[in-house]
Amino acid sequence: MKNKLMTLLAVSMLAFISSGSAQSQDKLDWLMGIKKIDVHMHIKSDQQYLIDFMDKWNFKFCNVATSARGFRDVNGQRENAKKLVKKYPRYYAWITTFDATTFEEEGWADRVIAQLKDDFENGALGVKVWKNIGMEIKKSNGEYLQLDDPVFTPVFEFIASRGKTLLAHMGEPIHAWMPTYFTKEGVGRNYWAKRPEYSFWDKPDKPSYSDILAARDHVIERHPNLRFVGAHLGSMEFDVDEMITRFEKYPNFAVEIGGRTRYFMWQARGKVYDFFTRYADRIMYGTDRGSSLVMTDEQKKETYEEMEYRNSLFMRYYATDGEIPWGNIIASDRPRPKPTYKVSTLDLPKDVLEKVFYKNAVRWFPGIDKDYK
Ligand SMILES: [Zn+2]
């Protein structure tokens, strides 16, 4: 009863912010009601607001462990993820990761495989690799370690042999190879201003974006039995044609959106619509949100509202027929910037939406729908 009421409330909220046709509203209501999986979430702590969100919007979250900065160590994340999945099997699935920085130590691959074996026994559905491979970790000969280095071969073979999936966030975003922009006052305004170690602009000694993606593609090609999912649109967010080239070449390759919906809005609507309908089996929904380790009540409330705001905008973009206000409106700036232009929404067919929001996650991460009634 409570769930039903919550769904009704959420549906009426979507109705309030949607200016589309009655048919669009029906499709939004339908999308609100069906089972959905967000495959790219970072749940660092057990929070009631996440459960409330999943109840209201009918979602299940896949919690992704990562070597990315700002996260606790790999073992801490694994323990947290295992605990959450045990406590809330309806709400959480998880993807593990491993520490690649020690790859030159004796017995490294065996130790990683032993860890992954344990994680798979504890329900992990896949393994995430991060862009420190390609952009940060160096070999003792001074070269950057790339994903197609033979050191990873036994690990990838093991993942494939267990029927698990590799999730790879490599060399993304391409802006790392573009100049940092500054305000009139000389304040750096983007990610690289704060993280100069990932600004590869005008640094010829650093690997290029295309070298990193080529190494990634070698792995997809070399392991046809490994299901390979590219995080954040496989680092090819700027042009669907780049994804299409790989989909045509590699049947074992798919992508998840991972918070990159806005990049579709910046490409021609018809081209993006065709991409979704032609490759409907290869694209998964993900928002890259979650919870922090320690949160005040105010932060919990803000994060919850932020999740509702984003998901409602994205669902309108994918499902309805019309326009939505856009601009820099999901940036972390506060007060939140006002929309400055409109984008045409996609109005994808229901069968495509159901694949993107649910069925593909089940196909590419088998077991992800466990206990999701
Ligand atoms: Zn992420």
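Strands in a sheet are paired, the pairing made by backbone hydrogen bonds, and the direction either parallel or antiparallel. Strand order across the open sheet formed by nine strands is β8-β7-β6-β5-β4-β3-β2-β1-β9, with parallel pairing between neighbours. Lying at the two open borders of the sheet, with one neighbouring strand each, are β8 (283–284) and β9 (289–291). Note: strand β6 (residues 227–230) against strand β7 (residues 253–256), three bridges, orientation parallel. Paired with Val-229 across the bridge in β7 is Ala-254. Taken strand by strand, helix α3 (residues 48–57) contacts β1 (36–43), β2 (59–64) and β9, and its axis lies near 140° from that of β2.

To characterise two packed helices, one gives the angle between the axes of the helices and the distance between these axes. Contact pair α3 / helix α14 (residues 297–319): the axes reach a minimum separation of 10 Å and the direction vectors enclose 25°. Considering their axes alone, α3 and α14 lie roughly parallel with respect to each other. Between α3 and α14 the crossing geometry is right-handed. For the pair α3 and α14, contact is made by Tyr-49, Phe-53 and Trp-57 and by Lys-300, Thr-303, Tyr-304, Met-307 and Asn-311, respectively. Its residues placed into classes, the contact of α3 with α14 shows five nonpolar, two polar and one charged.

The subject of this paragraph is helix α5 (residues 108–121). Over its 14 residues, α5 runs 20 Å from end to end, which matches the ideal 20 Å to within 8%, given 1.5 Å per residue. Buried positions along α5 lie against α4 (74–87), β3 (92–97), β4 (126–129) and α7 (153–161). Gly-123 sits one or two residues past α5 and shows a positive phi near 90°.

This part covers unusual backbone geometry. With phi around 60°, Asp-202 is a residue other than glycine that occupies positive phi space. Relative to the helices and strands, Asp-202 is located in the loop between α8 (191–194) and α9 (209–222). You can call Asp-202 exposed: it has 9 C-beta atoms within 10 Å. Not every positive phi belongs to a glycine, and Leu-233 is a case in point at roughly 60°. When the 25 C-beta atoms within 10 Å are taken as the criterion, Leu-233 is described as buried.

For β3, the buried fraction is high: six of the six residues fall into the buried class. Taking every second residue as pointing to the same face, both faces of β3 are buried, with Tyr-92, Trp-94 and Thr-96 on one and Ala-93, Ile-95 and Thr-97 on the other. Alignment of β2 against β3, held across four bridges, turns out to be parallel. Among the inter-strand pairings, Cys-62 is bridged to a residue of β3, identified as Ala-93. Following the chain from β2 across α4 to the adjacent parallel β3, one finds a crossover that is right-handed. The pairing of β3 with β4 spans two bridges and is classified as parallel. The residue of β4 that forms the bridge with Thr-97 is Lys-128. Taking the sense of rotation as the criterion, the β-α-β connection linking β3, α5 and β4 turns out right-handed.

Time to look at the environment of Lys-342. Along the chain, Lys-342 falls in strand β11 (residues 341–344). Residue class for Lys-342 comes out partly exposed when judged on the 13 C-beta atoms lying within 10 Å of it. Separated by 18 residues in sequence, Lys-342 and Ile-324 place their C-alpha atoms 5.5 Å apart.

Close contact between helix α2 (residues 22–33) and α14 brings their axes to 10 Å; oriented N to C, the two are set at 125°. Overall, the two elements α2 and α14 adopt an arrangement that is oblique. Here the hand of the crossing between α2 and α14 comes out right-handed. Residues Lys-27, Leu-28 and Leu-31 of α2 pack against Met-315, Arg-316 and Ala-319 of α14. Residues belonging to the contact of α2 with α14 are distributed by class as follows: four nonpolar, no polar and two charged.

Rules used throughout
Residues numbered from 1 in each chain as written. Predicted model: local features only at pLDDT ≥ 70, side-chain atom pairs only at ≥ 80, totals over all residues. Pairing = 2+ DSSP bridges. Helix = DSSP H or I, 4+ residues; strand = E, 2+ residues; numbered from the N terminus. Contact = placed C-beta atoms within 7 Å. Axes fitted to C-alpha atoms, helices over the stretch in contact; angles between N-to-C directions. Parallel < 35°, antiparallel > 145°, perpendicular 65-115°, else oblique. Left-handed = near helix turned anticlockwise from the far one by under 90°. Nonpolar A, V, L, I, M, F, W, Y, C, P; charged D, E, K, R; others polar. Expected span 1.5 Å × (residues − 1). Buried ≥ 20, exposed ≤ 12 C-beta atoms within 10 Å, placed from the backbone. Right-handed = clockwise from strand over helix to strand, strands pointing away.

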